[in-house]
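Take a look at the letters that make up each chain.
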Amino acid sequence: RSRMRKGRATGSYYHYILIILLGGFTIWMFSCKCAPPLSVCIEGVKETPFAEYYQISQTISVYKVLRKLYEITSQFQHIQVWETSFFGNLLVIDNDVMLTERDEQHYHEMIAHVPLNYFPNARKALIIGGGDGGTLREVLKHKNVEEVYQIEIDEEVVKTSKKYFPSLSSGYSDPRVTLLFQDGAQWVKSAAKEHRESFDIILIDSTDYNSAMSLFTDDFYRDCKQILKKQGIVVFNVDSPSFALSTMGSVSQQVSKIFKQTYYYQVFQPTYLSGHYAYMWMSDETHPYTSAIDWNAWREKGIDTYYYNEDIHYGAFILPSFVSKVVQQQLSFSQIKRN
């Protein structure tokens, strides 16, 4: 999976020969022989840190790493696993941090439980991407779900997660799972006949918007609609509302032409760009506030969560004013329908 959530550096590396003042240290990019590409040397620190460059904000996050656990270049991307003392293991793809063991629950719980809680008896789910297994793990916590299809383009991501992120990848041994290594957009298009109106939810756990182009086209969303139940929900991760506001506006305009109910909801994700991240919700018949959730059914499932809860669920749809004005999303707690 090539999931770039934070904005990849583009062009040749020499375009980014910078001198940056960070945390009182002077950082020289690419000036130290011990540092790999897109890493840095920090004066006074013996260990070689891993650094991630954000193209949008033109800033750097630096991780003090203990060692590199694994590295491979697959048919699709460059995969690394780093060990750290604070964040646990880091999954890095094409020099972008995909997840850390310390805060991955924020993202994976919110992409899965928010839509699933509208369907306490959901039977069938589709995941596009998500090769680390975190989204799958959360979906499988709903024992009512009988069948999960996961379409992942890169088998090496799954292999890497099974070895270095066992807490995320445990779901791959579940008999309810059908894992296929294919292009997600092509699979959805070909599935229109066999799986027509059969999925309760579709979760697109992929790159930031406009990175994996085939997963962010009108045709792809229409194909998803063909295999989604009439009340079903599609959710996909977008970008940082704080740093990519224009993208948020473009996405909102695009999907509102295809689905009747389109809303953003957000998550606090410390290791993603700006720490403020958002998902897009799409449905024709299910509304985030006026469609009631059976919270007793949720509590009876006994699902233990690290980040997600009832208040977080509803609060996530209330956007900061500067975002809601651009995406024209106005919701009020007074709209919430409760059982």
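The structure presented is a predicted model; accordingly, all values stated were derived computationally and were not measured.

About the criteria used
- Residues numbered from 1 in each chain as written.
- Predicted model: local features only at pLDDT ≥ 70, side-chain atom pairs only at ≥ 80, totals over all residues.
- Heavy atoms only, no water.
- Phe/Tyr/Trp six-rings, centres within 6.5 Å; stacked < 30°, edge-to-face > 60°.
- Helix = DSSP H or I, 4+ residues; strand = E, 2+ residues; numbered from the N terminus.
- Lys NZ or Arg CZ within 6 Å of the ring centre and 35° of its normal.
- Expected span 1.5 Å × (residues − 1).
- Bend = angle between axes of the 7 residues up to and from the residue.
- Buried < 20%, exposed > 50% of the residue type's maximum accessible area, 1.4 Å probe, protein only.
- Pairing = 2+ DSSP bridges.
- Polar contact = N/O pair within 3.5 Å; in protein donor to acceptor, adjacent residues only side chain to side chain.
- Arc of directions from axis to C-beta.
- Contact = heavy atoms within 4.5 Å.
- Axes fitted to C-alpha atoms, helices over the stretch in contact; angles between N-to-C directions.
- Salt bridge = Lys/Arg side-chain N within 4 Å of Asp/Glu carboxyl O.

Next up on the list: the packing of aromatic side chains. One pass over the structure, following the stated rule, counts 25 aromatic pairs. Relative to Y308, the ring of W298 lies with its centre 5.4 Å away and its plane at 85°, an arrangement referred to as edge-to-face. Placement of W298 in helix α8 (residues 295-301) and of Y308 in the loop between α8 and α9 (310-315) is noted, with a sequence separation of ten residues between them. Stacked on the ring of F86, the Lys or Arg R102 has its end atom at 3.7 Å from the ring centre.

Right, let's talk about helix α1 (residues 104-116) for a bit. Given a rise of 1.5 Å per residue, 13 residues ought to cover 18 Å, and the 19 Å separating the end C-alpha atoms of α1 matches this to within 8%. The largest bend in α1 amounts to roughly 30° and is located at M110. Of all the 13 residues making up α1, 13 are buried; the element is thus mostly covered by neighbouring parts of the structure.

Take unusual backbone geometry next. Of note, D94 is a non-glycine position whose phi angle comes to about 50°, a positive value. Secondary-structure assignment places D94 in the loop between β8 (89-93) and β9 (96-100). Of the residues examined, D94 reaches a relative accessible area of 19% and is grouped as buried. If you check the backbone angles, N95 has positive phi at about 70° while not being a glycine.

Moving on: the pairing of strand β16 (residues 276-283). Counting buried residues along β16, eight of its eight residues qualify, which places the element largely inside the surrounding structure. Here β16 shows no split at all, with H276, A278, M280 and M282 on one side and Y277, Y279, W281 and S283 on the other all buried. Where strand β15 (residues 261-268) and β16 come together, eight bridges link them in antiparallel fashion. Note on β16: the bridge partner recorded for V267 is Y277.

All right, on to the side chain of D154 then. Inspection of the secondary structure puts D154 in the loop between β11 (147-151) and α3 (155-164). A polar contact is formed between the side chain of D154 and the backbone nitrogen of E156, at a distance of 3.0 Å.

All buried positions along α3 are accounted for by V157, V158, T160, S161 and Y164. For α3, the angular spread of the buried residues around the axis is 165°, confining them to a single face. Looking at the buried side of α3, the elements it contacts are β6 (67-73), β7 (78-83), β8, α4 (166-169) and β12 (177-180). N-cap assignment for α3: the residue whose side-chain oxygen lies 3.0 Å from the backbone N of E156 is D154.

Moving on to the environment of A278. Mapped onto the secondary structure, A278 falls in strand β16. When its relative accessible area of 1% is taken as the criterion, A278 is described as buried. A C-alpha to C-alpha distance of 5.8 Å links A278 and D239, two positions 39 residues apart in sequence. Beyond its immediate stretch of four places on either side in the chain, A278 contacts N237, V238, D239, P241, M248, Y264, Y265 and Q266.

The subject of this paragraph is the sheet that holds β7. If you walk across this open sheet you meet the four strands as β6-β7-β8-β9, and the pairing is antiparallel. In the strand order of this sheet, the two ends are held by β6 and β9, each with one partner. Strand after strand, the sheet turns through a mean of 20° between neighbouring axes, direction not considered. In this sheet, β7 lies alongside β6 in antiparallel orientation, the contact comprising six bridges. Residue pairing across strands places I72 opposite I79, the latter belonging to β7.

In the structure shown here, the tally under the stated rule is 16 salt bridges. One salt bridge in this structure joins K68 and E71, with 2.8 Å as the shortest N-O distance. Note on E71: relative accessible area 38%, which makes it partly exposed. Through salt bridges with shared partners, one network takes in E104, R137, E138 and K141.

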